[in-house]
Amino acid sequence: MSNPYRVAGALILIQMLLGGFVLVQAGSTTGIRIAVVAILLLTIVGIVLGYARFRRLAVLVRMISSAIGSSWPEPGAGSGSIATLGVAINQMIVAFNQTNTRLQQVLDTVAEGVVAIDHWGNIELLNKAAENMFGCVTSQVIGKSIKVLVADQHLATYEHYLGELLSDQDKRIINVATHFQGKKSDGNNFPMKISVGRYELAGENHFIATVRDLTLEYETLAQKQLAEDALQASEDRYRSLIDQSTDLIWQLDATGHFTFLSPSLKALTGFEPEEIVGSSITDAFSGPDRAKVMGLLDAALHQGNYEDTVVELVHHRRDGSQFPGEAHCITLLNTNGEIIGLQGITRDITDRKSMEAELLKMEKLESVGVLAGGIAHDLNNFLTSLVGHLSLARLDTTQTEVNDNLVAAEHATDQIKNLTQQLLTFSKGGAPILRNANLSITLEQTVKFTLSGSNIKADLDLDKDLWTVRIDEGQINQVINNLIINAQQAMPDGGIVKVTAKNVTLPAKIDVALMPGKYVRFTIADCGKGIEKEYLKKIFDPFFTTKKHGSGLGLATSYSVIQKHEGLITVCSEPAAGTVFDVYLPAFPEDSPLAVVATDQRLVTGEGRILVMDDERSIRDVVTASLQKLGYEVETAECGNGAIECFTRNLNHQTPFDAVILDLTVPGGTGGSHAIERIKKIDPNVKSICASGYSNDPVMAQCSNYGFDLALAKPFRIRDLSKALGELLGNAA
């Protein structure tokens, strides 16, 4: 079917040509009448086919009828009647335009878009809201298919929808809520909702659609959905935090009854939250804690204490056990600021309480350690004087009986020395002072001494050719002593402790946390009650003990000592099958063990000038006598400054010292460490020995890093002094 607007245009053109022709040719009233009727009929057809819009058509028809009826010229009326007809037609056109303008104004006041569509789906009319909505003006789209206003992806839907509209001839209101995507003139799409009504004109269906732009609503809905999603995510997050929290989260109402308890209640107390919700918080406590809770409720709920309150309470579990808990709580307020309850978090502070107790214990132990270190230092100074005089007495006597007594006294001082060393290790746990040693001798002496007078027998199996180890004998003695005491306590009714020592070479792949290489391994095994499997991983932890009166320090100290020797200590045990401790110490087969010559009583004599600095006069006296006995000249000083002055004075007088022996610790004065720095500046080649009753002083462990050549731990015998000076000055033994 051809476009009706083209037909209308052609008819109008024909009407104009025909009308003009008739008017020119007609010479009678009848001809004029025929011409006028023809013009009006053709005009009506043109308007109906090209321009009629449902309400305008009715007005137009009425106006035409009125004009024809009132202004039709009578036969023979002449040209005056034609003028009257022209006026009527002009009035009709003015009324038509006024009506059209009023209709357009009315439509433009409608907030929603209005689009008129003819039977073929072509646009007849848009109001101002529709123009703004689609970004166009009516003249741009009039006569075009409605498809220009529909998004491409919805064209198929539109075709189907239009078909449904045309097929249903009964409905005046076709649809009230159909959603499409509209298309703006710039090509952008927007969501819209349309409501469609139908009317008939000249026997054909025409449609009026109201259009609502849903962009803002969609944005609002999207924002609302985002807000709801965010709220839900927040709720899920906090719910997850509450559900997974190991702390107990709770709420009370204004009467002190639980309204909420988090799931962690089950793990903390054994009760399900449902069992406790609704009960009073005061029912959960007893004794002083109940009174404390009642006071808290009164302060928070009735007196209006809004501050964060922290309270420690003893909580009860279902099985009757208890645990300390710390609660942080605040008041709950409604929108009017009125108190409606209490909420808080309760945490099990068992571990913290244990840690606080352990820290307190450690503080006490540290205080004891400081005291022990001071006692050990002073005791070592006294022992130095005692051991020195015993050594001198042995040199001055030829009586066997007296000499034997002096030897026994020296052995007793050795045990005291070991005790002071253990005190120092306990007090500071310093780096070991490593010396070459034969572990067989150390093991044999320490085991026999520790088991002396007990109901435990030692079964020693020590290889005769053990490799040399570099150890701090005092610290290793303490390790052996601790392990033997553990074995002894595991066999209260007596038994046998088997002690073995062997050379081992560890390959690269072995289930031992040691570097591959050569080690000396000693083993201490008892046949006692053994250690429970659950305790095996804890026995080296500080303060862990299963003994009623144990401190939990013995094995922890032993573990620390072996680690500092770059070794390893392991344990293997089964209940009722005894316990086996294996200790690995790095071996140095190429070195000669100095400890093997422990029975060598020879003195290394020499000559030269020696400067001795010590704040204890008794030590200065015995060291002076010992050095003079060995053939040396001696001068002494009480402190570091005195030693520096003496060293400088003798150097200036051309009587330099061949070596200096400096005490590290001088209460209230300059010690050996500072003194050697200044002496080295005066004479960089001076030979030096540091001496201290604090044998675990870092200077003693790494003396060369502090300017000294050798370290001599107090107490020392004349034999130790002679060997140190012999090594330092190159004197032959």
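Whatever comes next refers back to the structure up there.
Residues numbered from 1 in each chain as written. Predicted model: local features only at pLDDT ≥ 70, side-chain atom pairs only at ≥ 80, totals over all residues. Heavy atoms only, no water.

Attention now goes to the overall build of the protein chain. Counting its regular elements, the protein chain contains 22 helices and 22 strands. Burial status across the protein chain gives 41% buried among its 733 residues. Put simply, 62% of the contacts in the protein chain that link residues at least 6 apart link residues at least 24 apart. Summing over all exposed atoms, the protein chain offers an accessible surface of approximately 39100 Å²; the carbon and sulfur share of this is 56%. (Helix = DSSP H or I, 4+ residues; strand = E, 2+ residues; numbered from the N terminus. Buried < 20%, exposed > 50% of the residue type's maximum accessible area, 1.4 Å probe, protein only. Contact = heavy atoms within 4.5 Å. Areas by Shrake-Rupley, 256 points an atom, 1.4 Å probe, with all protein chains shown as cover.)

Here the focus is the pairing of strand E6 (residues 248–253). Taking every second residue as pointing to the same face, the buried face of E6 carries Leu248, Trp250 and Leu252, while none of Ile249, Gln251 and Asp253 on the other face is buried. Two elements, E6 and strand E10 (residues 339–348), share six bridges in a ladder whose sense is antiparallel. When the bridges of E10 are listed, Gln251 appears paired with Gln343. In this sheet, strand E7 (residues 258–261) lies alongside E6 in antiparallel orientation, the contact comprising three bridges. (Pairing = 2+ DSSP bridges.)

Further remarks concern the sheet that holds E6. Pairing in this open sheet of five strands is antiparallel, and the strands run E7-E6-E10-E9-E8 from one edge to the other. Lying at the two open borders of the sheet, with one neighbouring strand each, are E7 and strand E8 (309–316). Strand-to-strand twist in this sheet, taken as the mean axis angle between neighbours without regard to direction, amounts to 25 degrees. Docked against the sheet, helix H11 (residues 288–302) engages E6, E8, strand E9 (322–333) and E10, running at close to 145 degrees with respect to E8. (Axes fitted to C-alpha atoms, helices over the stretch in contact; angles between N-to-C directions.)

Another aspect to go through is the nonpolar core. In terms of nonpolar packing, the biggest core is built from 34 residues, with Leu439, Leu483, Phe522 and Leu585 touching the most fellow members. Every element with two or more residues in this core is listed here: helix H14 (439–451), strand E12 (456–462), strand E13 (469–471), helix H15 (473–490), strand E14 (495–506), strand E15 (517–525), helix H17 (554–564) and strand E17 (579–586). With near-sequence residues (within four places) excluded, Phe522 lies in contact with Leu439, Leu443, Ile480, Leu483, Thr500, Ala501, Phe581, Asp582, Val583 and Leu585. Of all hydrophobic cores here, the second largest spans 24 residues; its members include Met613, Leu664, Ile679 and Cys703. (Core = buried A, V, L, I, M, F, W, Y, C linked by side-chain atoms within 4.5 Å.)

Once that is clear, we can look at empty space enclosed by the protein. Under the defined criterion, the tally for this structure stands at four cavities of 30 Å³ or more. Every residue lining the second largest cavity is listed: Val612, Met613, Asp614, Ile619, Val623, Ile661, Leu662, Asp663, Ala691, Lys714, Phe716 and Leu721. Mapped by element, the contributors of at least two residues to the lining of the second largest cavity are strand E18 (609–613), helix H18 (617–630) and strand E20 (659–663). The residue makeup of the lining of the second largest cavity, split by class, is nine nonpolar, no polar and three charged. (1 Å grid on protein atoms, 1.4 Å probe; cavity = no way out; pocket = protein on both sides within 12 Å on 5 of 7 lines; lining within 4 Å. Points joined across faces, edges and corners; volume = space filled by probe spheres on them. Nonpolar A, V, L, I, M, F, W, Y, C, P; charged D, E, K, R; others polar.)

Turning next to the packing of helix H19 (residues 640–652) against helix H20 (residues 672–682). Contact geometry of H19 with H20 gives a least axis separation of 9 Å together with a crossing angle of 15 degrees. Between H19 and H20, the interaxial angle falls into the category roughly parallel. You can see that H19 and H20 cross each other, and the crossing is right-handed. Counting all contacts with H19, which are made through Gly640, Asn641, Ile644, Phe647, Thr648 and Leu651, the residues of H20 involved are Ala675, Arg678, Ile679 and Ile682. (Parallel < 35°, antiparallel > 145°, perpendicular 65-115°, else oblique. Left-handed = near helix turned anticlockwise from the far one by under 90°.)

The subject of this paragraph is the pattern of salt bridges. This structure, assessed with the given rule, holds 22 salt bridges. A salt bridge links Arg318 to Glu275; the nearest nitrogen and oxygen atoms lie 2.5 Å apart. Placement of the pair is Arg318 in the loop between E8 and E9 and Glu275 in helix H10 (residues 273–276), with a sequence separation of 43 residues. Here Glu275 falls in the partly exposed class, since its relative accessible area comes to 43%. (Salt bridge = Lys/Arg side-chain N within 4 Å of Asp/Glu carboxyl O.)

Moving on, we come to the packing of aromatic side chains. All told, the structure shown has two aromatic pairs when counted by the stated rule. Ring geometry for Phe134 against Phe190: centres 5.6 Å apart, planes inclined by 65 degrees, an arrangement best described as edge-to-face. With Phe134 in helix H5 (residues 128–134) and Phe190 in strand E4 (residues 189–201), the pair connects residues that are 56 residues apart, well separated along the chain. Here Phe134 matches Phe190 in class, with each residue buried. Relative to Phe657, the ring of Phe647 has its centre 6.2 Å away and its plane inclined at 25 degrees; by these criteria the two rings are stacked. Of this pair, Phe647 sits in helix H19 while Phe657 sits in the loop between H19 and E20; the two residues are ten residues apart in sequence, bridging distant segments of the chain. With a relative accessible area of 1%, Phe647 lands in the buried category. One Lys or Arg, Lys184, reaches over the ring of Phe190 and ends 4.6 Å from the middle of that ring. Over the ring of Phe588 we find Arg470, and its NZ or CZ is 4.0 Å from the ring centre. (Phe/Tyr/Trp six-rings, centres within 6.5 Å; stacked < 30°, edge-to-face > 60°. Lys NZ or Arg CZ within 6 Å of the ring centre and 35° of its normal.)

This paragraph deals with the environment of Ile619. Tracing the backbone through its elements, the reader meets Ile619 in helix H18. The class of Ile619 is buried, set by a relative accessible area of 2%. Counting along the chain gives 236 residues from Ile619 to Leu383, while the straight-line C-alpha distance between them is 9.4 Å. Sequence-distant contacts of Ile619, that is, excluding residues within four places in its chain, are made with Asn381, Thr384, Asp614 and Lys714.

This next bit is on the sheet that holds E14. Taken together, five strands build an open sheet; the order of strands is E12-E14-E15-E17-E16 and the sheet is mixed. Pairing within the sheet leaves two strands with one partner each, and these edge strands are E12 and strand E16 (568–573). Neighbour-to-neighbour, the strand axes of the sheet open up by a mean angle of 20 degrees, direction not taken into account. Relative to E15, E14 runs antiparallel, the two sharing nine bridges. Considered in E15, the bridge of Thr505 is made with Lys518.

Take the packing of H18 against helix H22 (residues 718–729) next. Remark: H18 packs on H22, axes separated minimally by 10 Å, with the N-to-C direction vectors making an angle of 60 degrees. In terms of their interaxial angle, H18 and H22 are classed as oblique. Helix-helix and strand crossings are classified by hand; for H18 and H22 the assignment is right-handed. Touching Val623, Ser626, Leu627, Lys629 and Leu630 of H18 are Ile718, Leu721, Ser722 and Leu725, all from H22. Partitioning the contact of H18 with H22 into residue classes produces six nonpolar, two polar and one charged.

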